[in-house]
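One letter stands for each residue in the lines below.
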Amino acid sequence: MRIDRTATDGLPALRPESQSWVDASSPHRPLLDWRELVIKGMHYTGVLHLARRLAKSHQIHPDSSFPFPRFERVMTPKFVILCYHGIGESGNPLGVAPTRQLFQAQMRFLRENYRVVSLDEICRELRSGVKSEPGVAITFDDGYRSSYTVAFPILQKYRLPATIYVTIESVETGQVAWYDRVFLAMAVAPSGSLQLDFGSPCRFQLNSPGDRLRAALEMVALLRTLPNSERRKRCALLEKKIGLPQNALSSRVLTWEEILTMHQAGIVFGSHTLTHPVVSQLTLQELEQELGASKCLLEEKLGIPVLDFAFPFGKASDCSPPALEMLSRFGYRSAVTTVPGVNTMHVDPFELRRLQVASDGSLARFAFDLGRAFLRADEVRAPNVSLAGSGVTQQAGGPAGIGGALGDPDA
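Each chain has its residues counted from 1, following the order in which its sequence is written. In view of the model being predicted, local features appear only for residues whose pLDDT reaches at least 70, and side-chain atom pairs are presented and counted only at 80 or more, with totals across whole chains, interfaces and linings using the full set of residues. Hydrogens are left out, water is left out, and the side-chain values use all remaining heavy atoms of the structure.

### Concerning the environment of P98
At step 1: Each helix corresponds to a stretch of at least 4 residues labelled H or I by DSSP, and each strand to a stretch of at least 2 residues labelled E; elements are numbered beginning at the N terminus. Looking at the element boundaries, P98 is found in the loop between β4 (79-84) and α4 (100-113).
At step 2: Three labels apply to residues, based on accessible area from a 1.4 Å probe with only protein chains included: buried if under 20% of the type maximum, exposed if over 50%, partly exposed otherwise in between. Given the relative accessible area of 4%, P98 is considered buried.
At step 3: Taking the C-alpha atoms as reference points, P98 and G86, 12 residues apart in sequence, are found 7.6 Å from one another.
At step 4: Working rule for contacts: check all heavy atoms of both residues, and any pair within 4.5 Å makes them a contact. In contact with P98, not counting residues within four places along its chain, are Y84, G86, I87, G88, A358 and S359.

Next comes the structure, spelled out in structure tokens:
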């Protein structure tokens, strides 16, 4: 079947799951965003402050037998884990990272309004079940260098703990992971149409920045459905076809020296695999390498046990039951996804939920999203991702479905 992306009426709408991972599905916002105006009004009039106070001891619970939702007292600890990637203009190639100014405002807001906790505190308090004040944790995925140059000084200024999940091969080579290289390829490819084979011929139009963004999004979405060995081969063919400049994305990822500096200052590091694959597409042998070898190398560099893991991309379909079992066997204590929700005692420690932080939102929107997450009981009871895992690909074969509507900006 041939997929033609050159229709004169524009590209077909991307699937939600292929849009959301970069938080860039809506390049053009309306001039007047009524929702944003309402949120800002709630923020600056103090309504959100009252909601935050209420959320420390109560949550809203939908009740089908009653026309209005009911409030119920919270008797167990609950935590929101925030997920960032790049910060400032030295973020990833798409430039979808929050600005330095917005990130600093968010950190100041957290320091003034919430109990900011480490991942260690979350794991310990969820395990004990003792009632405690709700907490917020700060995490970064991928190991972009901006977590050192931009985020680290701000975290130190407000004395905030954080966890950074690094893709080990990127640190070793100094090159960004494969999906960023797809975006670079689309940025430097000649204008016109581009034909590629992703199991069937696909043709993309590259005559505008919007065309290039949509093409890159669709390519990553398609590549994510392939067995890992096939995905690697397709990426290599794409880079060869485009003539990817090898040093264009250098200095975008952390160095070991920078990691050690942050580690000595109290920043915690976890594994984000060796090469940022889709974990549910790995063979058992590949799983051992990505989960085990990445942990061993990071432990060797840091000199301490590495206990925490982040699933690349992190949707329910990107995880798998065999991976959850292997995480336990390798001695991890936790794993985070990008499945949205609040973490309570009912959430498996290897399926922790996280909230993606919007790259182009306001401080008011940040406050609103965080307060709403703590208040909504339905988000606390989100389904287990292990039930949606597609299993392990034992041999190279046909592509597995992306599946599910739960968004993930990357990771």
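### Comments concerning the pattern of salt bridges
At step 1: A side-chain nitrogen of Lys or Arg and a carboxyl oxygen of Asp or Glu constitute a salt bridge if their distance falls within 4 Å. In this structure the tally under the stated criterion is 17 salt bridges.
At step 2: Here D120 ties to R124 by a salt bridge, and the two come within 2.6 Å at their closest N and O atoms. Of this pair, D120 and R124 both sit in helix α5 (residues 119-128), four residues apart, which is roughly one turn of the helix.
At step 3: On the accessibility criterion, R124 (40% relative accessible area) is partly exposed.
At step 4: R372 is paired through a salt bridge with D369; the nearest N and O atoms lie 3.9 Å apart. Note that R372 and D369 are positioned in helix α14 (residues 363-375) at a spacing of three residues, about one turn of the helix.
At step 5: Overall, R372 belongs to the partly exposed group, its relative accessible area being 31%.
At step 6: On the accessibility criterion, D369 (22% relative accessible area) is partly exposed.
At step 7: When salt bridges with common partners are traced through the structure, they connect D120, R124, D308 and R333 into a single cluster.

### Re unusual backbone geometry
Peptide bonds are mostly trans, and most non-glycine residues show a negative phi.
At step 1: Even without being glycine, H276 reaches a positive phi, approximately 60°.
At step 2: Mapped onto the fold, H276 is located in the loop between β10 (268-271) and α12 (284-302).

### Some thoughts on α12
At step 1: Taking 1.5 Å as the rise per residue, α12 with 19 residues should run 27 Å; its terminal C-alpha atoms sit 27 Å apart, in good agreement.
At step 2: Looking only at α12, the buried set comprises L287, E290, L291, G292, S294, K295, L297, L298 and L302.
At step 3: Buried-residue contacts for α12 involve β7 (163-166), α7 (168-173), α11 (256-264), β10, β11 (308-310) and α13 (321-329).
At step 4: Taken from the residues just after α12, G303 is the one with a positive phi, measuring 80°. Working rule for helices: expected span equals 1.5 Å times residues minus one.

### Re the environment of D318
At step 1: Examined against the element boundaries, D318 turns out to sit in the loop between β11 and α13.
At step 2: A residue is classified by how much of its surface remains accessible, and D318, at 3% relative accessible area, is buried.
At step 3: Along the backbone, D318 and T225 are 93 residues apart, and their C-alpha atoms lie at a distance of 9.5 Å.
At step 4: In this structure the side chain of D318 is engaged in a polar contact, spanning 2.9 Å, whose partner is the side chain of R224. In protein, a polar contact means a hydrogen-donor-capable atom and an acceptor-capable atom, both N or O and within 3.5 Å, with residues adjacent in sequence counting only if both atoms are side-chain atoms; elsewhere, any N or O pair within 3.5 Å suffices.

### Section: the packing of aromatic side chains
At step 1: Pairs were defined over the aromatic rings of Phe, Tyr and Trp, the Trp ring being its six-membered one, requiring ring centres within 6.5 Å. Orientation was assigned from the angle between planes: stacked under 30 degrees, edge-to-face over 60, tilted for the rest. Applying the stated rule across the entire model yields 12 aromatic pairs.
At step 2: Between Y114 and F374, the ring centres sit 5.7 Å apart and the planes meet at 20°, which makes this aromatic pair stacked. Taken together, the residues span a long stretch of sequence, with Y114 in the loop between α4 and β5 (115-116) and F374 in helix α14 at a distance of 260 residues. When sorted by exposure, Y114 lands in the same class as F374, which is buried.
At step 3: An aromatic cluster is present here, built from F109, Y114, F366 and F374 joined pairwise through their rings.
At step 4: In this analysis the charged atom, NZ for Lys or CZ for Arg, is taken to sit over a ring once it is within 6 Å of the ring centre and within 35 degrees of the ring normal. When the ring centre of Y332 is taken as origin, the NZ or CZ atom of K295, which lies over that ring, is 5.5 Å away.
At step 5: The lysine or arginine in question, R329, covers the ring of F330, its NZ or CZ lying 5.4 Å from the ring centre.

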